[in-house]
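# Survey of secondary and tertiary structure
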Amino acid sequence: HDEYHFSPDGKTVAFSARIAGKTEAWSTNFDVYTVPATGGAAVNLTADNKAWDTKAIYSPDGKTLAYVAMDKPTFEADRFHLVLIDVASGKKRTVADSWDRSIADFRWTPDSKAILANADDLGQHRLFSIDAASGKVTALTGKGYVSGFDVAKDTVVIAQANLASGAQLYKFKLGGSADKAEQLTHLNEAALADVKFGEYEQFSFAGANGETVYGHVMKPWNAQPGQKYPVAFLVHGGPQGSFGNSWSYRWNPQVYAGAGYATVFIDFHGSTGYGQKFTDSISGDWGGKPLEDLKKGMAFVTEQQSWLDKDNACALGASYGGFMMNWIAGNWTDGFKCLVNHAGLFDMPSFYGSTEELLFPEHDMGGPVWDKAADYQKFNPAAFVDNWKTPMLVIHGLKDYRVPYAQGLGAFTTLQRKAIPSRLVIFPDENHWILKPANAERWYNEIFSWMKQHTAK
């Protein structure tokens, strides 16, 4: 439903599509089209923009077609900004262009005067209102993760989660804020009545280039004053992503808290929700500023929170986070008792030749591997295996085409050949993500078994 929408009179369908042919693996050139609902020739409204255009929605009065667009071709993590098309004249205008956030989803208000949109924002995923005429942006929610929302008449309904709760539904009046929202659902309340979650807080510190970097720290569920606790140091993927105040069944810090671990997770340079310049700063610098941020963040929070046992820590990550595990193995050799590498990039040149998404390395490394060999080698974990000594658990899905299985196998072969304690866990029926509940349970159990071997409680 995000990719097509009927006009209010039912006569026209707006939709987005990418017609890339053989260039699909390195193209992000989605366009917005309109076509008569009775059938006919589609009209491309965004042929002038070679980057991503998507999520076209008509205003309720039918006068305006809104969509979100990126500016940079072949870059999937550019800022999605709002564009409005006057249906009668075809004239386009960008709205709220000075608002340095990337829109995830949006809805028109019933009066066609404003647009509700959610976006990453300083470790939260908040709901905002954008005035269609002036572009003025107003935050409607505070802390937490608004994963879904809708509006009808004078009521807004949101699905909102945080680090201690899965999504619940809330409602509040249009034109107001969610501060006094009424909670509509109490899912799992009875099942969780006797469950104690880990307490958490956000922190910030001076990271690479002295710039402010944010992170979160969470206590074990049974934390006692005066006790020290081993640390699970979680590194997000993307790399243009965020580990913030949200809830997920994959990489959920509360599961680590439930197993008796403290968790630390940092939104290093390259993360989303801190402005596009911050997001862009990881491109061409995968092992530079991000590693510096992780080191400085770990040092800062363990000094600030004396209950964190910094000498009794394990680092974990998937995809780019898995790359960072391989990078840490060669470039932060004394930081951790163990590592967990899920779907991590190990050898950058061979990764380029086997991934189904060429747009990703071509943007972040500056081009194809044969044109940018030095850039692929500069932050290539495989080039630093002489320094490897930290025990590592390697996990991979056999159906992973984003970071193919040979990347995990390459890391594991290196570990075994160098006689470094290591274990390889393969999920034959999973892709880049562990999606099946029984597999997820096994995945967590493998991780906690590994951490128990290498960290002391």
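Data block above holds the structure.
All values derive from a computational prediction rather than experimental measurement.

## Brief notes about unusual backbone geometry
Between glycine 238 and proline 239 the backbone carries a cis peptide bond, its omega angle lying at -5°. With respect to the helices and strands, proline 239 occurs in the loop between strand E19 (229-235) and helix H1 (253-258). With a phi close to 55°, lysine 153 is a non-glycine residue in the positive phi region. Note that lysine 153 resides in the loop between strand E13 (145-152) and strand E14 (155-162). The exposed category is assigned to lysine 153, whose relative accessible area is 75%.

## A short note on the pairing of strand E5 (residues 53-58)
Counting buried residues along E5, 6 of its 6 residues qualify, which places the element largely inside the surrounding structure. By the bridge criterion, 4 bridges tie E5 to strand E6 (residues 64-69) in an arrangement that is antiparallel. The partner of isoleucine 57 across the bridge, within E6, is alanine 66. Hairpin geometry of E5 and E6 is characterised by an intervening segment of 5 residues between the two adjacent antiparallel strands and by a positive phi of about 75° at glycine 62.

## Description of the pattern of salt bridges
A full pass over the atoms with the stated rule returns 17 salt bridges. With its nearest N and O atoms 3.3 Å apart, the salt bridge here joins arginine 18 to glutamate 24. When its relative accessible area of 43% is taken as the criterion, glutamate 24 is described as partly exposed. One salt bridge in this structure joins aspartate 429 and lysine 436, with 3.1 Å as the shortest N-O distance. On the basis of relative accessibility, which here comes to 31%, the residue aspartate 429 falls in the partly exposed class. The class for lysine 436 is partly exposed, based on a relative accessible area of 39%. Ionic contacts of the salt-bridge type, sharing partners, join the residues Arg101, Asp121 and Arg126 into one network.

## A short note on the packing of helix H3 (residues 289-304) against helix H4 (residues 320-331)
Put simply, H3 and H4 touch, their axes get as near as 11 Å, and they point 75° apart. With respect to their mutual orientation, H3 and H4 come out roughly perpendicular. On H4, the residues that touch Pro290, Leu291, Leu294 and Lys295 of H3 are Tyr320, Met324, Trp327, Ile328 and Asn331. Broken down by class, the residue content of the contact of H3 with H4 amounts to 7 nonpolar, 1 polar and 1 charged.

## A look at the sheet that holds strand E2 (residues 12-18)
One open sheet holds the 4 strands; their spatial order is E1-E2-E3-E4, and the pairing between them is antiparallel. Each edge of the open sheet is held by one strand with a lone partner, namely strand E1 (4-6) and strand E4 (43-44). Here E2 runs beside strand E3 (residues 30-36); their pairing, made up of 7 bridges, is antiparallel. Residue alanine 17 lies in a different strand from E3, and its bridge partner there is aspartate 31.

## Things to note about the sheet that holds strand E22 (residues 338-342)
Pairing within the open sheet is mixed, and its 8 strands lie in the order E17-E18-E20-E19-E21-E22-E23-E24. Each having just a single partner strand, strand E17 (200-206) and strand E24 (422-427) make up the two edges of the open sheet. Strand after strand, the sheet turns through a mean of 20° between neighbouring axes, direction not considered. Relative to strand E20 (residues 262-267), strand E18 (residues 212-218) runs antiparallel, the two being bridged by 5 bridges. Among the inter-strand pairings, histidine 216 is bridged to a residue of E20, identified as phenylalanine 265. Its contacts with the sheet put H4 on E19, strand E21 (308-318), E22 and strand E23 (392-397), and the angle it makes with E21 is roughly 130°. Running over the sheet, helix H9 (residues 437-454) touches E19, E21, E22, E23 and E24 and is turned about 175° from E24.

## A short note on the state of the cysteines
Throughout the structure, instances matching the rule amount to 1 disulfide. The residue that forms a disulfide with cysteine 314 is cysteine 338, at a sulfur-sulfur distance of 2.4 Å. Measuring the twist about the S-S bond at about -125°, one finds the cysteine 314-cysteine 338 disulfide to be left-handed. Of this pair, cysteine 314 sits in strand E21 while cysteine 338 sits in strand E22; the two residues are 24 residues apart in sequence, bridging distant segments of the chain.

## What to know about the side chain of serine 27
Within the secondary structure, serine 27 is located in the loop between E2 and E3. Given the relative accessible area of 10%, serine 27 is considered buried. Leaving out residues up to four positions away in the same chain, serine 27 has contacts with Arg18, Ala20 and Leu359.

## A closer look at H3
The terminal C-alpha atoms of H3 lie 22 Å apart, and with 16 residues this matches the ideal 22 Å at 1.5 Å per residue to within 8%. Considered for burial, the residues of H3 that qualify are Lys289, Pro290, Leu291, Asp293, Leu294, Gly297, Met298, Val301 and Thr302.

## Details of the packing of aromatic side chains
Describing an aromatic ring pair means giving the distance of the ring centres and the angle of the ring planes. Per the stated rule, a full pass over the model turns up 31 aromatic pairs. Aromatic pair tryptophan 52 and phenylalanine 80: ring centres 5.7 Å apart, planes at 70°, arrangement edge-to-face. Of this pair, tryptophan 52 sits in the loop between E4 and E5 while phenylalanine 80 sits in the loop between E6 and strand E7 (81-86), and the two are 28 residues apart along the sequence. Judged by its relative accessible area of 21%, tryptophan 52 falls in the partly exposed class. Classification of phenylalanine 80 by relative accessible area gives buried; the value is 12%. Relative to phenylalanine 323, the ring of tyrosine 320 has its centre 5.4 Å away and its plane inclined at 25°; by these criteria the two rings are stacked. Here tyrosine 320 and its partner phenylalanine 323 are both found in helix H4, 3 residues apart, which amounts to about one turn of the helix. Note on accessibility: tyrosine 320 and phenylalanine 323 belong to one class, buried. Cluster of aromatic residues (ring-pair linked, three or more members): Phe268, Trp286, Tyr320, Phe323, Trp327, Phe360, Phe379 and Phe384. Taking the ring centre of phenylalanine 149 as reference, the NZ or CZ of arginine 107 above it sits at 5.4 Å.

Thresholds applied
Residues numbered from 1 in each chain as written. Predicted model: local features only at pLDDT ≥ 70, side-chain atom pairs only at ≥ 80, totals over all residues. Heavy atoms only, no water. Helix = DSSP H or I, 4+ residues; strand = E, 2+ residues; numbered from the N terminus. Buried < 20%, exposed > 50% of the residue type's maximum accessible area, 1.4 Å probe, protein only. Pairing = 2+ DSSP bridges. Salt bridge = Lys/Arg side-chain N within 4 Å of Asp/Glu carboxyl O. Axes fitted to C-alpha atoms, helices over the stretch in contact; angles between N-to-C directions. Parallel < 35°, antiparallel > 145°, perpendicular 65-115°, else oblique. Contact = heavy atoms within 4.5 Å. Nonpolar A, V, L, I, M, F, W, Y, C, P; charged D, E, K, R; others polar. Disulfide = S-S within 2.5 Å. Expected span 1.5 Å × (residues − 1). Phe/Tyr/Trp six-rings, centres within 6.5 Å; stacked < 30°, edge-to-face > 60°. Lys NZ or Arg CZ within 6 Å of the ring centre and 35° of its normal.

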